[in-house]
Amino acid sequence: MTNGTAPFFIEDTDESEISSDVAGLGNLLMTTHIPLRADGSIETGDIRTQSIATLESLKASLQKAGSTLADVIHLTIYLTDMADRPAFNEVYCSYFKKPYPVRCAVGVSALADPGMKVEVTAMAARRIA
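Residues numbered from 1 in each chain as written. Predicted model: local features only at pLDDT ≥ 70, side-chain atom pairs only at ≥ 80, totals over all residues. Heavy atoms only, no water.

Colleague: Mind showing me how you'd approach the nonpolar core here?
Modeller: Side chains of a nonpolar character, in soluble globular proteins, are inclined to be buried together. In this structure, Leu58, Val72, Leu75 and Phe96 are the most contacted members of the largest nonpolar core, which totals 24 residues. Mapped by element, the contributors of at least two residues to this core are strand E1 (7–11), helix H1 (47–64), strand E4 (72–79), helix H2 (85–95) and strand E6 (118–125). For this core, the element with the highest residue contribution is H2, accounting for five residues. Excluding residues within four positions of it along the chain, leucine 58 makes contact with Thr31, His33, Leu69, Leu75, Phe96, Val120 and Ala122. (Core = buried A, V, L, I, M, F, W, Y, C linked by side-chain atoms within 4.5 Å. Buried < 20%, exposed > 50% of the residue type's maximum accessible area, 1.4 Å probe, protein only. Helix = DSSP H or I, 4+ residues; strand = E, 2+ residues; numbered from the N terminus. Contact = heavy atoms within 4.5 Å.)

Colleague: Any chance you could explain the pairing of E6 here in plain terms?
Modeller: Moving residue by residue along a regular strand, the side chains alternate between the two faces of the sheet. Within E6, six of the eight residues are buried, which leaves it mostly tucked inside the rest of the structure. Across six bridges, strand E3 (residues 28–33) lies against E6 in antiparallel orientation. Note on E6: the bridge partner recorded for leucine 29 is alanine 124. Examined bridge by bridge, E4 and E6 share seven bridges and lie antiparallel to one another. Of the residues in E6, the one forming a bridge with leucine 75 is alanine 122. (Pairing = 2+ DSSP bridges.)

Colleague: Before we go on, may I ask you to explain the packing of aromatic side chains in this structure?
Modeller: Where two aromatic rings form a pair, the distance of their centres and the angle of their planes describe that pair. A full pass over the atoms with the stated rule returns three aromatic pairs. By way of ring pairs, the aromatic residues Phe88, Tyr92, Phe96 and Tyr100 are connected into one cluster. Its guanidinium or amino end placed over the ring of tyrosine 92, arginine 103 lies 4.4 Å from that ring's centre, counting from NZ or CZ. (Phe/Tyr/Trp six-rings, centres within 6.5 Å; stacked < 30°, edge-to-face > 60°. Lys NZ or Arg CZ within 6 Å of the ring centre and 35° of its normal.)

What follows is the structure, encoded as structure tokens:
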């Protein structure tokens, strides 16, 4: 078990990454996700396809860190086109159930890859055994 007052990091398995996959303090986790395919390449399809890839990536990282989507307490959603928000919400509602996490949607002019339409940052509880 980790010291509850010391931050911990679960490193990304991609050696070229300059960010940890998940960071935590006590039973609080933080993680940010982009639309990655299972093979690690960036999904550049439509907003629905990218939203699914992003939330699947989030789900996998949370599971690796001892958490689940049901443990998410806050999401910040970054969209390059706020007109995509209804489509993102449709996908979101297939991954999250009531009571929904607290969330914020932010319109941005660009993300790290020119083809990316969505990115999410999540805060979640960690189930400590």
